[in-house]
Amino acid sequence: MEEKMFKRLLLAGEGDEDIDELIALGYFKNMEGTICRTGKYLEETGVFIDAKKESLYEAVRKLGSAEDINKTMELAGIKDFLTFVFVAEELVQDGRFIKDKVKNCLIK
């Protein structure tokens, strides 16, 4: 999955003009007026997140921190800041990163 599609899926919701297309692609289904994620959504976003977590972890390990966010994102192969934040938060929740006000995140 490309990062652009990940961001699109992450931000999709009610009132999204593209939701019908995402339903047609199998990422969501409409159950009695409620939009629900499908197994395809969970599987493909999970694979994407896991891959980006590893690349971001390695980038921060190599650089020592994520103080230079642009360089960290470039090294991790992440193009969008929202993806960076989402993946970094996942690593914090996993206990692999800690947040820092100056250096953004550090390896725990």
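### What about the packing of helix H3 (residues 39-63) against helix H4 (residues 69-76)?
As a packed pair, H3 and H4 sit with axes 8 Å apart at the nearest point and diverge in direction by 130°. Taken together, H3 and H4 sit at an angle that is classed as oblique. Taken as a pair, H3 and H4 cross one another with a handedness that is right-handed. Across from Lys52, Ser55, Leu56, Ala59, Val60, Lys62 and Leu63 in H3, the residues of H4 making contact are Lys71, Thr72, Leu75 and Ala76. A class-by-class count of the residues in the contact of H3 with H4 yields 6 nonpolar, 2 polar and 3 charged.

### Some points on the side chain of Thr72
Considering the arrangement of structural elements, one finds Thr72 in helix H4. Residue contacts for Thr72: discarding those within four places in its chain leaves Leu56, Ala59, Val60, Leu63, Ser65, Ala66 and Phe84.

### Looking at the pattern of salt bridges
One pass over the structure, following the stated rule, counts 7 salt bridges. Salt-bridge contacts for Asp80 lead to Lys7; the nearest nitrogen and oxygen are separated by 3.0 Å. Residue Asp80 is found in the loop between H4 and helix H5 (81-93), and its partner Lys7 is found in helix H1 (residues 3-11); the two are separated by 73 residues along the sequence. Assessed through its relative accessible area of 22%, Asp80 is described here as partly exposed. Across the salt bridge formed by Lys53 and Asp94, the nearest N and O atoms sit 2.5 Å from each other. In this pair, Lys53 sits in helix H3 while Asp94 sits in the loop between H5 and strand E3 (97-100), placing the two residues 41 residues apart along the sequence. For Asp94, a relative accessible area of 41% corresponds to the partly exposed category.

Definitions and cut-offs
Residues numbered from 1 in each chain as written. Predicted model: local features only at pLDDT ≥ 70, side-chain atom pairs only at ≥ 80, totals over all residues. Heavy atoms only, no water. Axes fitted to C-alpha atoms, helices over the stretch in contact; angles between N-to-C directions. Helix = DSSP H or I, 4+ residues; strand = E, 2+ residues; numbered from the N terminus. Parallel < 35°, antiparallel > 145°, perpendicular 65-115°, else oblique. Left-handed = near helix turned anticlockwise from the far one by under 90°. Contact = heavy atoms within 4.5 Å. Nonpolar A, V, L, I, M, F, W, Y, C, P; charged D, E, K, R; others polar. Salt bridge = Lys/Arg side-chain N within 4 Å of Asp/Glu carboxyl O. Buried < 20%, exposed > 50% of the residue type's maximum accessible area, 1.4 Å probe, protein only.

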